[in-house]
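A look at the structure
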Amino acid sequence: MIPALMPTYNRADLAFERGEGCWLYAADGRRFLDLGAGIATSSLGHNNPHLVSAIAEQAARVMHVSNLYRVPQAERLAERLVAASFADSVFFCNSGAEANEGMVKMIRRAQAHGGHPERNRIICFDGAFHGRTLAMLAATGNPKYLDGFGPEVAGFDHVPMNNMNAVRAAITAETAGIMIEPVQGESGINVADPRFLQELRAACDEFGLYLGMDEVQCGMGRTGRLFAHEWSGVTPDVLSTAKGIAGGFPMGAILATEAVARHLTPGSHGTTFGGNPLACAAANVVLDVLLAPGFLDQVQARGAQLARALDELVAEFPDLFDGRRGIGLMLGLRCTVPVALVQDAAMHEGVLSVTAGDNVLRLVPPLVITEADCAEAGRRLRHAALRVRAHLAATARESVA
Ligand SMILES: *Cc1c(COP(=O)(O)O)cnc(C)c1O
């Protein structure tokens, strides 16, 4: 019989009772170093006292009022995001997919109202992940995710990443814009070449296209800058973000320049929950932490420390791993044995991780991870690698016998 909770996930048989910083405690007393952070989302770790009290205090005052009224918490959050980024204006929503939908709507509307309604196609990239709504499935373009869900939403073209010739060949009179993850998460922590992003910007300027960036996963401090595109020196026209933005409270945002945002006039787009006082109170606390002097430098330092630990694993276990990827605290360990074996061994050693495409173990810990936690991560992952080796040796012996 089907479980009451719809089985759309292959869940680990683990439930957590509480958390503290980067650690999660299971009901049976075991504790785990959380290097997955709820898929790059619990950016301030677990039970962060400022986040907890801000949410509790806001919940006790007013949780939700709709966007029919002013929301001072949202105004403040938007002003702070604008001050800290390329953007002139921000729209708040509830998830990454919803932010991407809004981003595509903005790009199409800006073209239509700019006199080019025929420009409504978006160029996307192989290996992209943009979410699970019908349009974002088409933008993602992964046949496995599209299977059985009916006609694919029109308007999305796909080309290989880091290949400017392919992009130029794909631009037509119907192209409205380009949508790219500066660091692809889902498909294996693939970093876009900074020069490629610069060339995309130049092509957009040359052909009158809008450059949209999906920073749902790589944004909000994940790479050691507030937004990952900052490493390349180019700015998008519009950007989506979500995951870590409110430290685990569901929220998304679209940041845009005035040239794009001014086309979303009253009534043209909306959301019931988006940017409500509770979500914005949480996100303001996350921004307090991210924008504090030196915090993003810490993210870079911890990222470098964890990257060194992974490089040591690659050197010590060439039979299991063939490379480390990523930037800041968005790291991938490419496995040459099935990544599920490595993830499982890590769980046995008390480390939680996420898998990604291309047989990559994805490590996206809370941004507040400490130096001691990173050192512990390195030790435990080494034990996990030894465990995988022992397991493989035992299976090999069995198959000989
Ligand atoms: C997770 C993710 C999404 C989808 O976000 P949801 O909140 O699950 O809808 C979109 N784009 C990227 C890059 C993501 O990592």
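Scoring rules and cut-offs
Residues numbered from 1 in each chain as written. Predicted model: local features only at pLDDT ≥ 70, side-chain atom pairs only at ≥ 80, totals over all residues. Heavy atoms only, no water. Helix = DSSP H or I, 4+ residues; strand = E, 2+ residues; numbered from the N terminus. Buried < 20%, exposed > 50% of the residue type's maximum accessible area, 1.4 Å probe, protein only. 1 Å grid on protein atoms, 1.4 Å probe; cavity = no way out; pocket = protein on both sides within 12 Å on 5 of 7 lines; lining within 4 Å. Points joined across faces, edges and corners; volume = space filled by probe spheres on them. Nonpolar A, V, L, I, M, F, W, Y, C, P; charged D, E, K, R; others polar. UniProt positions renumbered as here; feature names shortened; annotations may be inferred. Contact = heavy atoms within 4.5 Å.

Here the focus is unusual backbone geometry. A positive phi is found at isoleucine 189, a non-glycine position, where the angle reads about 55°. Its location among the elements puts isoleucine 189 in the loop between strand 8 (183–184) and strand 9 (190–191). Unusually for a residue other than glycine, aspartate 358 sits at a positive phi of about 60°. Residue aspartate 358 is classed as partly exposed on the basis of its relative accessible area, which comes to 39%.

Throughout the structure, instances matching the rule amount to 2 cavities of 30 Å³ or more. There is about 40 Å³ of room inside the largest cavity. Lining the largest cavity, in full, are Leu134, Leu137, Leu146, Phe149, Gly150, Pro151, Glu152 and Val153. Taken as a whole, the second largest cavity encloses approximately 40 Å³ of empty space. Ala40, Ser43, Val216, Gln217, Gly219, Met220, Arg222, Lys243, Gly244 and Leu367 together form the lining of the second largest cavity. For the lining of the second largest cavity, the class distribution of residues is 4 nonpolar, 4 polar and 2 charged.

Turning to the UniProt feature "modified residue: N6-(pyridoxal phosphate)lysine" (unreviewed entry) in the protein chain, a few remarks are in order. Listed under "modified residue: N6-(pyridoxal phosphate)lysine" (unreviewed entry) in the UniProt record, and renumbered for this structure, are Lys243. Mapping lysine 243 onto the fold places it in the loop between strand 11 (238–241) and strand 12 (252–256). Ignoring any residue separated from it by four or fewer positions in sequence, one finds lysine 243 in contact with Ile39, Ala40, Thr41, Val216, Gln217 and Met251.

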